[in-house]
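Residues per chain, in single letters:
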Amino acid sequence: VETLANSGLDVYAHNVETVERLQKFVRDPRAGYKQSLSTLEHAKKVKTNRTERPLYTKTSLMLGLGETDEEVIQTMKDLRDIDVDVVTFGQYLRPTEHHLSVVEYVRPEKFEYFRQVGEELGFKYVASGPMVRSSYKAGEFFLEHLIKKERKMLEKD
């Protein structure tokens, strides 16, 4: 993590995937919620030259696996507590019959609600919609703009 954080990259992305309660059902047993939070937090803490340019952190969650609104909001609060900058929410889609079933197809209004809550909590950017994926291009464009803007400000100083 330290090597990557100090490699000159602008965005460190690590996906939390789902809310804490569902981790053991969704992810490899070697991965976990607290481990993911720790990884995201550590990336920012070990960035040695913070005056040079900031390191943005980004994560993603899949919805429709049985999570509650309260769990999603708590996850967002946990992410903001460690200063994660960008979060994306997308609908979980079952890739094969050997994967977890979809518990719920989340309505677009719910995705919009989570976007609004995320912005109120202070995320620099929230992409939230049924077809949003962790590599969502709008988020990449936003981050590219933000990075260029902050580099120009640093050059002026």
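Counting restarts for each chain: residues are numbered from 1 in the order of the written sequence. Side-chain atom pairs in this predicted model are given and counted only at pLDDT of 80 or more, local residue features only at pLDDT of at least 70, and totals for whole chains, interfaces and linings cover all residues. Hydrogens are left out, water is left out, and the side-chain values use all remaining heavy atoms of the structure.

Asks: Help me out: how do you make sense of the overall build of the protein in this one?
Replies: Looking only at helices and strands, the protein features six helices and four strands. Listing the helices and strands of the protein from first to last along the sequence gives α-β-α-α-β-α-β-α-β-α. Going through the 157 residues of the protein one by one, you find that 41% of them count as buried. Should any heavy atoms of two residues lie within 4.5 Å, those residues are counted as being in contact. Once local pairs closer than 6 in sequence are excluded, the contacts in the protein between residues at least 24 apart make up 71%. Accessible areas in this description were obtained via Shrake-Rupley with a 1.4 Å probe; residue shielding takes into account the shown protein chains only. Of the roughly 9,100 Å² that the protein leaves accessible, carbon and sulfur atoms contribute 52%. For helices the rule is a DSSP run of H or I covering at least 4 residues; for strands it is a run of E covering at least 2, with both sets numbered from the N terminus onward. Relative accessibility under 20% of the residue-type maximum defines a buried residue, over 50% an exposed one, and the middle range a partly exposed one, all with a 1.4 Å probe and only protein chains included.

Asks: Would you mind going over the pairing of strand β2 (residues 56-63) with me for this structure?
Replies: Each regular strand shows side chains that alternate between the opposite faces of the sheet. With seven of eight residues buried, β2 is to be regarded as a mostly interior element. Following DSSP output, two strands are said to pair if at least two bridges run between them. One ladder, built from three bridges, connects strand β1 (residues 11-13) with β2; its direction is parallel. Among the inter-strand pairings, valine 11 is bridged to a residue of β2, identified as tyrosine 56. One ladder, built from six bridges, connects β2 with strand β3 (residues 86-91); its direction is parallel. The residue of β3 that forms the bridge with leucine 63 is glutamine 91.

Asks: Hey, could you run me through the environment of glutamate 119 in this one?
Replies: Mapped onto the secondary structure, glutamate 119 falls in helix α5 (residues 108-121). C-alpha of glutamate 119 to C-alpha of valine 86: the two residues are 33 residues apart in sequence and 9.7 Å apart in space.

Asks: Before we go on, may I ask you to explain helix α4 (residues 69-81) in this structure?
Replies: One turn of the α-helix equals 3.6 residues, which is why residues spaced by three or four share an orientation. In a helix, the anticipated span is given by 1.5 Å times the number of residues less one. In a regular helix each residue adds 1.5 Å, so 13 residues correspond to 18 Å; α4 covers 18 Å between its end C-alpha atoms and thus fits that length. Along α4, the residues that are buried comprise Glu71, Val72, Ile73, Thr75, Met76, Asp78 and Leu79. Buried residues in α4 make contact with α3 (33-45), β2, β3 and α5. Positive phi shows up at aspartate 83, right after α4, with a value of about 70 degrees.

Asks: Please explain the packing of aromatic side chains as it appears in this structure.
Replies: Between two aromatic rings, the relevant description is the distance of the centres plus the angle of the planes. Here a Phe, Tyr or Trp ring, Trp counted by its six-membered ring, pairs with any other such ring whose centre lies within 6.5 Å, and the pair is stacked when the planes are under 30 degrees apart, edge-to-face when over 60, and tilted otherwise. The full count for this structure, using the stated rule, is two aromatic pairs. Measuring from centroid to centroid gives 5.9 Å for phenylalanine 89 and phenylalanine 114, while their planes differ by 35 degrees, and the two rings are tilted. Of the two residues, phenylalanine 89 is situated in strand β3 and phenylalanine 114 in helix α5; the sequence distance between them amounts to 25 residues. On the basis of relative accessible area, phenylalanine 114 is assigned to the buried category, the value being 2%. With centroids separated by 5.5 Å and ring planes inclined at 50 degrees, the aromatic side chains of tyrosine 113 and phenylalanine 114 adopt a geometry described as tilted. Each residue in the set Phe89, Tyr113 and Phe114 is aromatic and connected to the rest through ring pairs, giving one cluster. Our definition puts a charge over a ring when NZ of Lys or CZ of Arg is within 6 Å of the ring centre and also within 35 degrees of the ring normal. Geometry around phenylalanine 123 places arginine 80 over its ring, the cationic atom sitting 5.5 Å from the centre.

The analysis is restricted to geometry; functional conclusions fall outside its scope.
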